Amino acid sequence: MLLVSYLFRSPSMPLHSMAGPVPCTTSPTSHHNEVVEQLSQLADESKALVENSLDIIALVDEFGNILRINSAAQEVLGYAPSDLMGMKYSALLHPNDRETVAEVDAGLRVGADIVRELETRWIRADGETIFLSLSVRWSEQKRVMYVTARDITEKIKVQQELQKSKDQLNVMLESVGDAFFAVDYQWTVTYANRKAAALVNTMPEEAIGRNLLEVAPSLQHSPALANYQRAMSTGKPEFFEVFWEPTSSWFDARAYPSEDGLSVYFYDITPWREAEKALRKNEQRFKGLFDQAGDAIIITDVHTKIVDANRRACEGLGYSHEELLQLSTVDIDADFRSYNDVVSTLQTDQTQLIRGLKRRKDGSTFSAEVQISRFEEDENVFFQAIVRDVTEREEAQRRSQESEQRLRDIIEMTPASYVLSDGTGQITDVNPALCTASGYARDELIGRHLAQLFAFCPWHGVAFERNGPVSAHGMEVVIKNKAGDDIHVLFNGSIKRDAEGYAQSLTGFMTDITARKQVEQRLEKLATRDTLTDLPNRAFLDERLQQLLEVSPPGASVAVLFIDLDRFKEVNDSLGHNAGDVLIREVSCRLRNVLRPSDIVARLGGDEFVVVAHCSQGRASAASIGQKLLGTLSKPLDIGGQEIFASASIGISMFPQDGNTKELLFQTADIAMYQAKGAGGSACRFFEPQMSVVAKKKMSLELSMRGAIERKEFEVYFQPRVHLASMSVVGMEALLRWNHPELGLVSPAEFIPVAEERGHINELGRWVLQEACAYTSSMREKFAYPLCVSVNVSARQLRSSEFVDQVADVLERSGLPPSLLELEITESSLIEDIEGSATVLRELKNLGLKLAVDDFGTGYSSLAYLRRFPIDVLKLDRSFVMQSQDGMTSFDFIKAFVDMAHALKLSVVAEGIETSDALDFLRSAACNEVQGYFIARPMPLAAFTEYLSSLEGAGCVRKN
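Residues numbered from 1 in each chain as written. Predicted model: local features only at pLDDT ≥ 70, side-chain atom pairs only at ≥ 80, totals over all residues. Heavy atoms only, no water.

**Digging into the overall build of the protein chain**
- For the protein chain, the helix and strand inventory stands at 38 helices and 37 strands.
- The buried share among the 960 residues of the protein chain stands at 44%.
- Nonlocal contacts in the protein chain, meaning residues at least 24 apart in sequence, comprise 53% of its contacts between residues at least 6 apart.
- Taken as a whole, the protein chain presents about 50,000 Å² of accessible surface, with 52% of it coming from carbon and sulfur. (Helix = DSSP H or I, 4+ residues; strand = E, 2+ residues; numbered from the N terminus. Buried < 20%, exposed > 50% of the residue type's maximum accessible area, 1.4 Å probe, protein only. Contact = heavy atoms within 4.5 Å. Areas by Shrake-Rupley, 256 points an atom, 1.4 Å probe, with all protein chains shown as cover.)

See below:
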C-alpha cells in the first residue's frame, strides 16, 4: 500500500506528510533530519518497487482517464507512461470487451467497490491483442480507481492449446478400436466413445454426466463391477476378461485408475474365445467351424466328389448331410466346366474366386460367389469351396442404386440449395435450387471456388484446414448472386475428412432466409425507433444520453428539454386518433427541422418529446433552443382541412447543475414541464429547486398509501379479454384502482409510480394477486367454466427473492389452477437484469402458470431477448395499430409481428381496441386475443359478475 501511496500521492505532498509522529529522543533538528532521510530512502525504495514491477499499476479518474501509470506499461502495452497520461483506458480496450468493462466500471460505483482478476483483451501499440488480468479498487472518497494489471497472454494461449489437445484426444478415443469410458470418483461418467455407448444401447452425449450404474444397470450383476471398484480403491490397474450378458460377448478389459477417477478400455474377444472353444473340441473340428460359419463350405477330393459339407451348405442346397456326401460338384454346379478348369490348375496355398450359378435339390438356382482353395492332408489333395449366396447382396446393390437415384431426385427437387465441393473448396455438384438462387447456370458454378459463391461465410476460413470443423448447423451465410445482390441463407453442412484430418469433400444445404432477415432488420429498427414518427424512442434516448454524459468534459453544459403538447387530448377527442397521429408526425418534423444535427430529439410516447443538446453558453443557449421549439410549434397546421394551432409546454434541466444522471435530468425536466403547463402552456421553464408541487403531491400520496389496503380503499377492476376467432370471453385483466377518501378515484398513472418509488409496490402487487386469484377461483365454481386472469407484475416484484414463493402461496390458498393465472411483465422489467429475470421466469413457469410481456413494442423490443425467456404471450401496444412506417403499412408490420411471434410459439394479445375497424384489422392479421373499450371498459367486481352472467346466457363465454 505504501508503494501505491507513493506513486499516486499528490505531487505537492511533502514526504513527511506520509508518516506519523516519531518519538523525540534527540534534538529536534537532528531528529528531523534523520526522519527526512529515512522517509526519503523509503520513498525511493517504494518508487523503485513500483517502477520495476512487472505488473501495470495505474490510477484512473472517474471519467476513465489515466492519471498515473508505471513503466510496466512500456513492456506490456508498448506505450511509454507519458504517452498514456490523460488517455482514456477504453481506447486501449479490445472493441469486444468495451461493453463488459463499462458494466464492471459502472458496478464499482454502486456497491461492489472491488473487482479481482477480471480477464480482458487489450490492443498493444503494435496492434497485437493481449490478455490482461485486472484488479480494481474504487475509492468513493477520492473518486478514483486503483488498478493493477497482469499480462496473462501466455496463460490464455496455454489454456487454448490444452483445449485443442483435449479435442484431439477425444478424436483419438473415438477412432481407436477399443471401447472406452471414464468415470470420476463419484462413478459419474465423464467420457464415453461411441463403441462403449453402443454396448448399452445409448449415445455418448446421453451417458456423460450420469451415474455409471444408471447408464449400464446390467453392470450391477456383472463381476466387472468388483474389478472396477478394486481398481478405484487400490489405485492399481486391473486386467481381466468378462462376459457381458446384454450382448452375449466376451471382452478383454483394462481398468486404469488416475487422479480423476477410472479409465476403462475393453476389446471384443468373442471370436477368439469361440476359436479357443473350437480348438479344445478337436473332434468337432469341421463341424464346429462348418456349422457356425455364415457361408456354405464344401470339401471335395481330387475327383470333385464331396467328402464333407457344413450345415449352411445343406440348408442352402436343400440336401441332407448324407445326401450331399453321395454327390459331386457337377450335381450342384450349373457351370461345372469353369469350376473344373479352376481346380485342375489350382496349386497348394493358392486361392481363386469365381462367380456362377448353384443348383439346389429342387432344381432352382442362385447366384453364388465361390472361394476355392487347395490343401493336402495325409498326402491326399482336397479342395475347399466357400460358397456365399450373393442373391441378397445383388438385390441390395440394386436397391442401393435405386436409393441413390431417389436421393439424387430429392436433391434435384428440394427447394433448399445444395452444393458439393472437393477438399480444396472447388464446387463439384449443385442442384437447380442453388442455380435459381444464385442466378448462375450449373456449368457456371461447377469448377468455381466456394469463396466466389459466398460473399460472407464465417466457416470458410477454417473449413478446409487440417483437423478443422466437421459440421456446421444453422450458420447464417450470404451468397452473392449473379446480379450482385446479397442472398441470406441458413447453412447446414459437413466436411468429410481422412484419417489425418485433411478435408476430402464438403456437403452443404442452404435455406433462403432473406425475407426473414429483412423482417428482423425492420423489427430491430423498430426496437430503437418510434413507429409513428421514426424518431428515437426511450431506449435509444437513454443509451445516447448516458453516453453523452460520460464523455462530456468538465464544465460542459447539456440541456434536457421535456416537451409535452398542450391540449393534445382535445385533438384526439374532437378529430379522432388519426388526426392526432398526423399532428404528432408534423410536430416531430418541425422539431427536427429547427435542431442541429448533433442534437437528439426523441418521442417518449403519446404527446411527449425530449430534446438533448450541448449548450456552449449554458442556460442562455438552452433558452434559445426552447424559444425556437415554441416558435416552430406555434405555426398553424392543416389537418384534414382544418387549421390547428399546436403549442407545447417545455421543461428544461441542465447538466450538471440540475442532475448528473439521466434519471435525475429527466425527473427535473419533467417537474419543470409541469410548471410550464401549469402556467398556461406554450412556455418554457427551467427547473428550479423550489419547484416542489409534484414532489409534495407524491409525498401526500405516499403517506396516504400507508394503511390504504387495511382501510379497504383499493379495489380490483376487471377488463375482459376476447378470443378473436370465436369472439368469446376467455379471460380478464385485473386492474388496480384507488378510491382515495379526499382525492376521489386516483389514476394508477399517479399512484403506481409512487408505490414503485416508495417500496409499496410489493405489498400492493401481492394484494392484487390474492384478490384476483380468489375471485377467479370462486367464479370458476359459480359459472362452471375456466377464465384466465391476467395480473400485472412490477419490476420490483420481479426482483424480489420472495416473489415466486408468494405466487405459489397465493395459488395454493385460492385453489386456482396455475394454468388459469397469467402474469404480465413489462419489457423494461425484463431487460433491467436479463439473467436474473430469466431465472425468476423459469421458476414461475415451473409453477405451471403463463407469462406475458405487456406493452410489447414500446420499449426495447427485441425478439432476440424474448428467446431467452419462457414467455407465452405478447401484449401488443395500441400505438402499433393503423400506423405506417417507411412504406410498410400497419397491416404489414402487425402481420409480420404476429407471424414472428407465432413462429416463436407465442400468443398475441392486442390492447386498446376502440373501433370495429381495428377489430377486423387485427383479425385479418391473425392476432389471437384483444381487449379494449370497444369490447368493454374495466369494471368493479359486482359489475363484472353481472357482465359474465349476461354473456353466459348469450353463449359468449368459452367453456373449454
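After that view, the rundown keeps rolling.
**Details of the packing of helix H32 (residues 803–814) against helix H34 (residues 834–846)**
- Where H32 meets H34, the axes come as close as 10 Å, and the angle between the chain directions of the two elements is 15°. Relative to H34, the element H32 lies roughly parallel. The way H32 lies across H34 gives a crossing that is right-handed. Contacts between H32 and H34 involve Phe 803, Val 804 and Val 807 on the former and, on the latter, Val 840, Glu 843 and Leu 844.
- Of the residues belonging to the contact of H32 with H34, the class tally is five nonpolar, no polar and one charged. (Axes fitted to C-alpha atoms, helices over the stretch in contact; angles between N-to-C directions. Parallel < 35°, antiparallel > 145°, perpendicular 65-115°, else oblique. Left-handed = near helix turned anticlockwise from the far one by under 90°. Nonpolar A, V, L, I, M, F, W, Y, C, P; charged D, E, K, R; others polar.)

**Observations concerning helix H25 (residues 577–594)**
- Taking 1.5 Å per residue as the helical rise, H25 with its 18 residues ought to reach 26 Å, and the 26 Å between its terminal C-alpha atoms agrees with that figure.
- By the burial criterion, the buried members of H25 are Ala 579, Gly 580, Asp 581, Leu 583, Ile 584, Val 587, Ser 588, Arg 590 and Leu 591. (Expected span 1.5 Å × (residues − 1).)

**With respect to the sheet that holds strand S22 (residues 558–565)**
- Strand order in the open sheet made by the five strands is S23-S24-S22-S27-S28, with mixed pairing throughout. This sheet does not close on itself; its edge strands, each paired only once, are strand S23 (600–605) and strand S28 (683–686). Averaged over all pairs of adjacent strands, the angle between their axes in this sheet comes to 20°, without regard to strand direction.
- With five bridges joining them, S23 and strand S24 (residues 608–614) adopt antiparallel strand pairing. (Pairing = 2+ DSSP bridges.)

**Focus on helix H29 (residues 748–758)**
- Listing the buried residues of H29 in full gives Phe 751, Val 754 and Ala 755. Along the long axis of H29, the arc covered by the buried residues comes to 100°, so they all point the same way.
- The N-cap of H29, judged by a side-chain oxygen 3.1 Å from the amide nitrogen of Ala 749 a few residues on, is Ser 747.
- Phi turns positive, to about 85°, at Gly 759, one or two residues after H29. (Arc of directions from axis to C-beta. Polar contact = N/O pair within 3.5 Å; in protein donor to acceptor, adjacent residues only side chain to side chain.)

**Here's the deal with the packing of aromatic side chains**
- Evaluated as defined, the whole model comprises 20 aromatic pairs.
- Consider the rings of Phe 180 and Tyr 265, whose centres lie 4.6 Å apart with planes at 40°: the pair is tilted. Taken together, the residues span a long stretch of sequence, with Phe 180 in strand S6 (residues 179–183) and Tyr 265 in strand S10 (residues 261–268) at a distance of 85 residues.
- Accessibility expressed as a relative area gives 4% for Phe 180, which makes it buried.
- Tyr 265 gets classed as partly exposed once you look at its relative accessible area, which sits at 25%.
- Their ring planes at 25° and their centres at 5.5 Å tell us that Phe 718 and Phe 944 sit as a pair that is stacked. Highlighted residues: Phe 718 in strand S29 (residues 714–723) and Phe 944 in helix H38 (residues 941–954), separated in sequence by 226 residues. As far as burial versus exposure is concerned, Phe 718 and Phe 944 are alike and both buried.
- One aromatic cluster is present, formed by Phe 180, Tyr 191, Phe 239, Tyr 256 and Tyr 265 through successive ring pairs.
- Residue placement shows Arg 109 over the ring face of Trp 138; its charged tip is 4.2 Å from the ring centre. (Phe/Tyr/Trp six-rings, centres within 6.5 Å; stacked < 30°, edge-to-face > 60°. Lys NZ or Arg CZ within 6 Å of the ring centre and 35° of its normal.)

**Overview of the confidence of the model for the protein chain**
- Put simply, the protein chain has an average pLDDT of 83, and 88% of its residues get 70 or more.
- Here helix H1 (residues 2–8) stands out as the least confident element of the protein chain, with mean pLDDT 43; strand S32 (residues 788–793) is the most confident, with 95.
- Between residues 1–25, whose pLDDT stays under 50, and residues either more than four places distant or in other chains, the model counts 38 contacts.
- Under a pLDDT of 50 for its full length, residues 884–888 has, in the predicted model, twelve contacts with residues more than four places off or in other chains. (pLDDT = per-residue confidence, 0-100.)

**Some details on the pattern of salt bridges**
- Applying the stated criterion to the full structure yields 40 salt bridges.
- We note a salt bridge from Lys 155 to Glu 119, for which the minimum N-O separation is 3.8 Å. With Lys 155 in helix H6 (residues 153–175) and Glu 119 in strand S3 (residues 114–123), this pair connects stretches of sequence that are 36 residues apart.
- Close ionic contact of Glu 315 with Arg 312 constitutes a salt bridge, the shortest N to O distance being 3.9 Å. Of this pair, Glu 315 and Arg 312 both sit in helix H13 (residues 311–317), separated by three residues, roughly a single helical turn.
- What makes Glu 315 partly exposed here is its relative accessible area of 48%.
- What emerges from the salt-bridge pattern is a single network uniting Glu 733, Glu 824, Lys 875 and Glu 911. (Salt bridge = Lys/Arg side-chain N within 4 Å of Asp/Glu carboxyl O.)

**A few points about the nonpolar core**
- One finds Phe 714, Leu 821, Leu 823 and Leu 844 to be the most contacted residues of the largest nonpolar core, which totals 88 residues.
- With near-sequence residues (within four places) excluded, Leu 821 lies in contact with Leu 769, Cys 773, Cys 788, Val 789, Val 791, Val 807, Leu 811, Leu 816, Leu 849 and Lys 850.
- Core analysis: the next-biggest nonpolar cluster, separate from the first, contains 34 residues, Leu 535, Phe 568, Ile 644 and Ile 650 among them. (Core = buried A, V, L, I, M, F, W, Y, C linked by side-chain atoms within 4.5 Å.)

**Topic: the packing of helix H30 (residues 761–783) against H32**
- Running from N to C, H30 and H32 point in directions that differ by 30°, and their axes come no closer than 9 Å. By the angle between their directions, the pair H30 and H32 is classed as roughly parallel. Here H30 and H32 pass one another in a crossing that is right-handed. Along the contact surface, H30 presents Arg 766, Leu 769, Gln 770, Cys 773, Ala 774 and Ser 777, while H32 presents Gln 806, Val 807, Val 810 and Ser 814.
- Broken down by class, the residue content of the contact of H30 with H32 amounts to five nonpolar, four polar and one charged.

**Section: the environment of Val 754**
- Within the secondary structure layout, Val 754 lies in helix H29.
- With a relative accessible area of 2%, Val 754 lands in the buried category.
- Taking the C-alpha atoms as reference, Val 754 lies 9.1 Å from Met 705; in sequence the two are 49 residues apart.
- Those residues in contact with Val 754 that sit more than four places away from it in its chain are Lys 698, Leu 701, Glu 702 and Met 705.

**Points about the side chain of Ser 837**
- Structurally, the position occupied by Ser 837 is in helix H34.
- Take Ser 837: its relative accessible area is 4%, and that puts it in the buried class.
- Aside from chain neighbours lying at most four places away, what touches Ser 837 is Leu 798, Ser 829, Leu 830 and Phe 869.

**Focus: the sheet that holds strand S17 (residues 427–430)**
- If you trace the six strands from one edge of the open sheet to the other, you get S17-S16-S21-S20-S19-S18, paired in antiparallel fashion. Bordering the open sheet on either side are S17 and strand S18 (454–456), each of which pairs with just one other strand. The average undirected angle you get between the axes of adjacent strands in this sheet is 40°.
- Strands strand S16 (417–422), S17 and strand S21 (503–512) of the sheet are contacted by helix H17 (residues 391–413), whose axis makes an angle of about 85° with S17.

**Regarding the environment of His 488**
- Secondary-structure assignment places His 488 in strand S20 (residues 486–497).
- On the basis of relative accessibility, which here comes to 21%, the residue His 488 falls in the partly exposed class.
- Residues His 488 and Thr 511 lie 23 residues apart in sequence; the distance between their C-alpha atoms is 8.5 Å.
- Non-local contacts of His 488, meaning those with residues more than four positions away in its chain, are made with Val 477, Val 478, Thr 511, Asp 512, Ile 513, Thr 514 and Lys 517.

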